[in-house]
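Results of the structural survey
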Amino acid sequence: MSSEQLVQLSNNVWIYPFDRGIQPNVGIIMTNTETVLIDCGNSPQSAEKIKSLLSEIDAPPVKYIIYTHHHWDHTFGAVAFDSTFISHQKCYDYLKESSKVKWSKEYLEEEIKQQPLLETSNRNKIEQVDDWDHFRIVLPEITFDHKMEIHLDGVTLELNYIGGDHANDSIVIKVVESNLVFVGDCFYPPPLHLRKETDTHSLDVLKKLYDFSSDMYIHGHGEPTNSKELKDFIDSMELPKK
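What comes next is a walk through the structure.

Each value, and the rule that gives it
- Residues numbered from 1 in each chain as written.
- Predicted model: local features only at pLDDT ≥ 70, side-chain atom pairs only at ≥ 80, totals over all residues.
- Heavy atoms only, no water.
- Pairing = 2+ DSSP bridges.
- Helix = DSSP H or I, 4+ residues; strand = E, 2+ residues; numbered from the N terminus.
- Contact = heavy atoms within 4.5 Å.
- Axes fitted to C-alpha atoms, helices over the stretch in contact; angles between N-to-C directions.
- Buried < 20%, exposed > 50% of the residue type's maximum accessible area, 1.4 Å probe, protein only.
- Lys, Arg positive; Asp, Glu negative; His and termini not counted.
- Salt bridge = Lys/Arg side-chain N within 4 Å of Asp/Glu carboxyl O.
- Polar contact = N/O pair within 3.5 Å; in protein donor to acceptor, adjacent residues only side chain to side chain.

**Observations regarding the sheet that holds strand S7 (residues 142-144)**
Overall, mixed pairing links the seven strands, which are arranged S1-S2-S3-S4-S5-S6-S7 in an open sheet. Each having just a single partner strand, strand S1 (7-8) and S7 make up the two edges of the open sheet. Direction of pairing for strand S2 (residues 13-16) relative to strand S3 (residues 26-30): antiparallel, over a ladder of four bridges. Each residue of the ladder has a partner; that of Trp14, found in S3, is Ile28. Strands strand S6 (84-88) and S7 of the sheet are contacted by helix H3 (residues 89-98), whose axis makes an angle of about 110° with S6.

Given below as structure tokens:
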């Protein structure tokens, strides 16, 4: 899927689609008066592209941006937006620590020397962000611990904490009227630098997602899937290993 255009999923919901596994899906919930984003791009450049595409379809101003979790590819575009940011409290805590870093290419290169397993992640950061002088981590202004609802102009968003091995601050966001759920990366294995050979997708988290009984699930780095496809995937994971 190309990130050159927005893809409409329902009456009020679009995505800025994932690209090459580095740029995750960014959710867009649009009403007559306001827009909400689910994550915000992996860099200021990516965020500016999203803003341009929103302008092309005369989208209302972006009122809220909801972080699904703290990982850089979901949050590094934040500086390009003048919006209110929302996340789980654990996400805030992670980003607070990240905000203390003096981000630069030099810092990332030095971190690779100290922690070689971070090379893939840090090389991607260097590739995606071309202006570290004006870069900063944007902290959420609104946080929650378990559940939260956002009532827009005719659209209700249900935010639920779900955790997971990939990022224990992960949340899912259900668009009630469209019966679809943005799940971020919550069921993925741990990040590459923390992953063991035996790590795989989280069956427990996948089952929790299925319990939402949604028509569509939008995860970070792949095509949206429906409930039958999700159930088939769960069943395949539960098959005895030969």
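The discussion continues.
**Here's the deal with the side chain of Lys125**
Inspection of the secondary structure assignment puts Lys125 in helix H5 (residues 119-128). At 5.5 Å, Glu111 is the nearest oppositely charged side chain to Lys125, a buried residue that forms no salt bridge. Looking at Lys125, its side chain comes within polar contact range of the side chain of Asn122, at 3.2 Å.

**Concerning the pattern of salt bridges**
If you walk through the whole model with that rule in mind, you get nine salt bridges. Among the ionic pairs, Arg123 bridges to Glu109, the shortest N-O distance being 2.8 Å. Placement of Arg123 in helix H5 and of Glu109 in helix H4 (residues 105-114) is noted, with a sequence separation of 14 residues between them. A relative accessible area of 35% means that Arg123 is categorised as partly exposed. Salt bridges linked by common partners bring Glu109, Glu119 and Arg123 together as one network.

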